[in-house]
Amino acid sequence: MTHQPHPDTGSSSIACAVVTVSDTRSHDSDRSGSCIQQLLRDAGHTVVAYEILKDEPNQIQTYLQVLAQRSDIQAVVVNGGTGIAERDTTYDALARLLEKTLPGFGEVFRWLSYQEIGSRAIASRAVAGVYRRKLVFSLPGSTGAVTLAMEKLILPELIHLVTQLEK
C-alpha cells in the first residue's frame, strides 16, 4: 500500500489553513482542530490560518472564498459538520463551491472508518476537492476521524496533490 506510482518533485512543505466548523467549540476546546495543526506541523507543513466558524453555510462559503484569494495557502483542512443532523451543513456549503471533487477520498475514508467504527461510517459526508486551485478536505469533527484521515489519506498524498494543482 505504500508503493508510489511516481515520485513527487514539488515542495516538501505545504502551507495550510485549518477550519473547525462548530457551534460549541472554542480555541481552548477544539481538540480536532489542534490535532490537525499538530499533525501538519509534525509532517513539516505550515499552518498559516486557523479559524472556528459556526455551522452556517454562508459563513463557511465566504471564509473559503477568502482563503482561496490568499497566495500563501495551498490547502484547506476543514473539520466538523459532515453528518446528517440539521445543523450539519459543511458538506452542503462546500459541495456547491468545489470545482473538482476527489470521490476516492470520501470512499476510502468511509471504508477505513468502517474498519474502526463499523456501520456508523455511512453517516459521514467527508469530501475533498479543488476550489480556485486550492486543495480542500472536509472531515468529521471527531478527533478519531481527524487522526484517521490525516494519517492514512491526507498526509501521505498532500504534497502529490498540491504538486498536481501547480502544473
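Quick summary incoming for the structure in this document. (Residues numbered from 1 in each chain as written. Predicted model: local features only at pLDDT ≥ 70, side-chain atom pairs only at ≥ 80, totals over all residues. Heavy atoms only, no water.)

A separate point is the pairing of strand β1 (residues 15-21). Buried residues dominate β1, accounting for 7 of its 7 residues. Residue alternation in β1 divides its side chains into two sets, Ala15, Ala17, Val19 and Val21 and Cys16, Val18 and Thr20, and both sets are buried. Across 7 bridges, β1 lies against strand β2 (residues 46-53) in parallel orientation. Looking at β2, one finds that Ala15 is bridged to Thr46. Where the polypeptide runs from β1 across helix α1 (residues 31-42) and back to β2, its parallel neighbour, the crossover connection is right-handed. Of the strand pairs in this sheet, β1 and strand β3 (residues 75-79) are connected by 5 bridges, and their pairing is parallel. Across the sheet, the residue bridging to Thr20 is Asn79, located in β3. (Buried < 20%, exposed > 50% of the residue type's maximum accessible area, 1.4 Å probe, protein only. Helix = DSSP H or I, 4+ residues; strand = E, 2+ residues; numbered from the N terminus. Pairing = 2+ DSSP bridges. Right-handed = clockwise from strand over helix to strand, strands pointing away.)

A few words now on the packing of helix α4 (residues 103-117) against helix α5 (residues 143-165). Closest axis-to-axis distance for the α4/α5 pair is 10 Å, and the angle between their directions is 125°. With respect to their mutual orientation, α4 and α5 come out oblique. Pair α4 / α5 crosses with right-handed handedness. Where α4 abuts α5, its residues Phe105, Val108, Phe109, Leu112, Ser113 and Glu116 lie against Ala145, Leu148, Ala149, Lys152, Leu153 and Ile154. Along the lines of polarity and charge, the residues of the contact of α4 with α5 split into 9 nonpolar, 1 polar and 2 charged. (Axes fitted to C-alpha atoms, helices over the stretch in contact; angles between N-to-C directions. Parallel < 35°, antiparallel > 145°, perpendicular 65-115°, else oblique. Left-handed = near helix turned anticlockwise from the far one by under 90°. Contact = heavy atoms within 4.5 Å. Nonpolar A, V, L, I, M, F, W, Y, C, P; charged D, E, K, R; others polar.)

So, on to α5. Between its terminal C-alpha atoms α5 stretches only 28 Å, short of the 33 Å expected from 23 residues at 1.5 Å a residue. Maximal helix bending in α5 amounts to about 55°, located at Leu158. Residues of α5 that are buried include every one of Ala145, Val146, Leu148, Ala149, Met150, Leu153, Ile154, Leu158, His160, Val162, Thr163 and Leu165, and no others. At its buried positions, α5 is contacted by β1, α1, β3, α4, β5 (127-131) and β6 (134-139). (Expected span 1.5 Å × (residues − 1). Bend = angle between axes of the 7 residues up to and from the residue.)

This part takes up empty space enclosed by the protein. All chains considered together, the criterion is met by 1 cavity of 30 Å³ or more. Estimates place the volume of the largest cavity at around 50 Å³. What lines the largest cavity is Val19, Leu53, Ile60, Tyr63, Leu64, Leu67, Val76, Val78 and Leu94. The set of elements that each furnish at least two residues to the lining of the largest cavity consists of α2 (57-68) and β3. (1 Å grid on protein atoms, 1.4 Å probe; cavity = no way out; pocket = protein on both sides within 12 Å on 5 of 7 lines; lining within 4 Å. Points joined across faces, edges and corners; volume = space filled by probe spheres on them.)

Phi is positive for Arg132, close to 50°, though the residue is something other than glycine. Positive phi values are uncommon outside glycine, yet Arg133 reaches one of about 65°.

Turning our attention to the sheet that holds β5. Spatial strand order, β2-β1-β3-β6-β5-β4: 6 strands in an open sheet with mixed pairing. Strands at the two margins of the open sheet, each flanked by one partner only, are β2 and β4 (100-101). Where α2 meets the sheet, its contacts fall on β1, β2, β3, β5 and β6, and the angle it forms with β2 comes to roughly 160°. Together, β1, β3, β5 and β6 form the strand contacts of α5, whose direction differs from that of β6 by roughly 170°.

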